[in-house]
Amino acid sequence: MSRLEVLKTYKIFIGGQFPRTESGRYYKPLDSKGKALANICLSSRKDVRNAVVAARKAFGPWSERAAFNRGQILYRIAEMLEGRQAQFVDELMRQGSSKVAATNEVNLSIDRIVYYAGWCDKYNQVLSSVNPVSSSHFNFSSLEPMGVVGVVAEQSTSLIGLVSLILPAICGGNSTVVLASEKLPLCAVTFAEVIHSSDVPAGVINILTGSPEEMAATLASHMDVNALITSNLETKLSNKLALLSVDNLKRKFDYEENWVEKDKQALHYISDLQEIKTTWHPIENVGGASSSY
Amino acid sequence: MEIKSYISNKIPVSPSIDKVGVEERIARFQSRSIKNEAKKQGLNMVLSMIDLTTLEGKDTEGKVKQMCYKAKHLHDHFDGIPQVAAVCVYPSMVAIAKNELRNSSVKVASVATGFPSGQTSLALKLKDTKFAVEQGADEIDMVISRGKFLTGEFAYVFDEIAAVKETCGKARLKVILETGELVTLDNVRKASDIAIYAGADFIKTSTGKIQPAATMQVTYTMLMAIRDYYDETGIMVGMKPAGGISTAKLALHNLVMVKEILGTKWLSNEWFRFGASSLANDVLMQLVKIETGVYQSNDYFSID
């Protein structure tokens, strides 16, 4: 007797849970042969709202965590991903990648996570400064995370584009609401399972599947989202999102990068999502000593 | 001091509560679809029913003044926002609140009778109540003796409430059952009946210090007690769920429940209140969302 195959239900990821979309809708992305890949949640703006609430709740504790500990947790993501390599390669191939390309993409993703894990307790030292001023002040600048970051993942890749945008954001202590690739969503959901089994606190990464066209506007106009990053977005949508971001002066970046290239990982992806805080600390100026430190 | 014996033999036999049935009914209240225009009116109504509350050991004059300001000016950037119904404070803060709110319709409610535990003598409880009333409290929120209730001394609980009611004079009396400590819905119903028959103007779920607080199951049970009393005597008793209602959605579910159990007569702040501190901001954010179409952030609303 042949065995009945058990198909995986791909659900969304909000606040450390895997609910179905609040709207109850779903869609069927197709593989290259026109066959349905799976039933995927077609999330709505209410899911975006719920995800932002979860992300806001997670932001405080995550940003206050010791930087070293954040590094450990990010490294843990890489460990868990390494253990499920085969599953990701398989999903990438089902979504049209060759075996070589798929293996390469998964390996690169793991390496990239390790790269940002390493930066967690270092970027602030590298980018902070003590500034020369002409008054009796010890003047220094350091970085603080922006808060909740909206991420519209690259549409043409399933895993690497997603990883390349999420990691620098959470490395810097932000929490994220991520809209996965609409046509290639499988790896995003499986990546959520990796996050879930790592030590990433609930709500730091929230992943929604569905139409970015429909949800990105809600994310861009949301007053409780502090930054919006996208990648290789079509100009029309990008401009629309830029306009909607104005109300609460969101930072908005659209990265036009080919993430499969090895060197598409850098410090500036972290610092883009940081605000600089400068402190003027009065110092005693004894006997005409200068304020230089 | 000798407890004056009131007519505690008037305590009625309370019906038993079908917990499964209650939960089923509540699930229905939560599935009502509320469209934008109705939602807007509902949210404004919620705001007008809020008892803005601060009941902490660390309360200061400044904190109370700030809260009173908020009671009158919930969100001035936005037209048509009502004031809240009342502020709720400790007796020592009543005079300050009263002075801050002198030219407004916002009432001052004071907790009394050894809030929140109520573990003190009746003489002290009455003194506490008297002090709050003399300071100018329009409403008194008393706690019942849960220990006595749970050991079955219903007559004691009844007489105590009646004595406090007498001390209140013109001030309206809200009786806090502290349902989180009453364990079962049958007890909640019994305590509601005792409070109502002893003269409560309002019955209130919780102090906010004990979890669970105002669950919909508990509020439902208390509303049924109010309805039965109204059916029998024609006298209206108010209801105040307090503690744990922090979202606009939950508040609207409560309004739906009140409307469907007691009817529109209870849909005013004379007969229904929310005891809450963080609810107001969430409701305001929803109202602004309806108006602008954009989800809001706490960053743009007052903290206290």
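So, a few notes on the structure that sits alongside this text.

Here is what the cut-offs are and how they apply
- Residues numbered from 1 in each chain as written.
- Chains lettered and ligands numbered in written order.
- Predicted model: local features only at pLDDT ≥ 70, side-chain atom pairs only at ≥ 80, totals over all residues.
- Heavy atoms only, no water.
- Pairing = 2+ DSSP bridges.
- Helix = DSSP H or I, 4+ residues; strand = E, 2+ residues; numbered from the N terminus.
- Axes fitted to C-alpha atoms, helices over the stretch in contact; angles between N-to-C directions.
- Buried < 20%, exposed > 50% of the residue type's maximum accessible area, 1.4 Å probe, protein only.
- Contact = heavy atoms within 4.5 Å.
- Expected span 1.5 Å × (residues − 1).
- Right-handed = clockwise from strand over helix to strand, strands pointing away.

1. Quick word on the sheet that holds strand 9 (residues 251-255) of chain A
All names here are of chain A.
Reasoning step 1: Reading across the sheet, the five strands line up as 7-6-5-8-9 and stay open at both edges, with parallel pairing between neighbours. If you trace the sheet from one side to the other, it starts and ends with strand 7 (205-208) and strand 9, each paired once. Taken over all neighbouring pairs, the strand axes of this sheet differ in orientation by 15 degrees on average, direction set aside.
Reasoning step 2: As judged from the five bridges shared by strand 5 (residues 148-152) and strand 6 (residues 175-179), these two strands associate in the parallel manner. For Val149, the partnering residue across the bridge sits in strand 6 and is Thr176.

2. Observations concerning the environment of Met224 of chain B
Residues and elements named next belong to chain B.
Reasoning step 1: Position of Met224 among the secondary structure elements: in helix 9 (residues 216-233).
Reasoning step 2: By relative accessible area, Met224 is classed as buried at 17%.
Reasoning step 3: Along the sequence, Met224 and Thr184 sit 40 residues apart, while their C-alpha atoms lie 15 Å from each other.
Reasoning step 4: In contact with Met224, not counting residues within four places along its chain, are Arg189 and Ile261.

3. Description of helix 10 (residues 248-262) of chain B
All names here are of chain B.
Reasoning step 1: Across its 15 residues, helix 10 extends 21 Å between first and last C-alpha, which sits within 8% of the 21 Å expected from 1.5 Å per residue.
Reasoning step 2: With eleven of its 15 residues buried, helix 10 lies for the most part within the structure.
Reasoning step 3: For helix 10, the set of buried residues is Ala248, Ala251, Leu252, His253, Asn254, Leu255, Val256, Met257, Val258, Ile261 and Leu262.
Reasoning step 4: The inward-facing, buried residues of helix 10 abut helix 1 (19-29), helix 2 (36-48), helix 9, strand 8 (274-276) and helix 11 (279-292).

4. Overview of the pairing of strand 8 (residues 227-231) of chain A
Residue and element names in this part refer to chain A.
Reasoning step 1: With five of its five residues buried, strand 8 lies for the most part within the structure.
Reasoning step 2: Burial along strand 8 is two-sided: the residues Ala227, Ile229 and Ser231 and Leu228 and Thr230 are all buried.
Reasoning step 3: In this structure, strand 5 lies alongside strand 8, joined through four bridges in parallel fashion. From the neighbouring strand, Val152 faces strand 8, where its bridge partner is Thr230.
Reasoning step 4: Pairing geometry for strand 8 and strand 9, over five bridges, is parallel. From the neighbouring strand, Thr230 faces strand 9, where its bridge partner is Asp254.
Reasoning step 5: For the crossover from strand 8 across helix 9 (residues 235-244) to strand 9, the handedness is right-handed.

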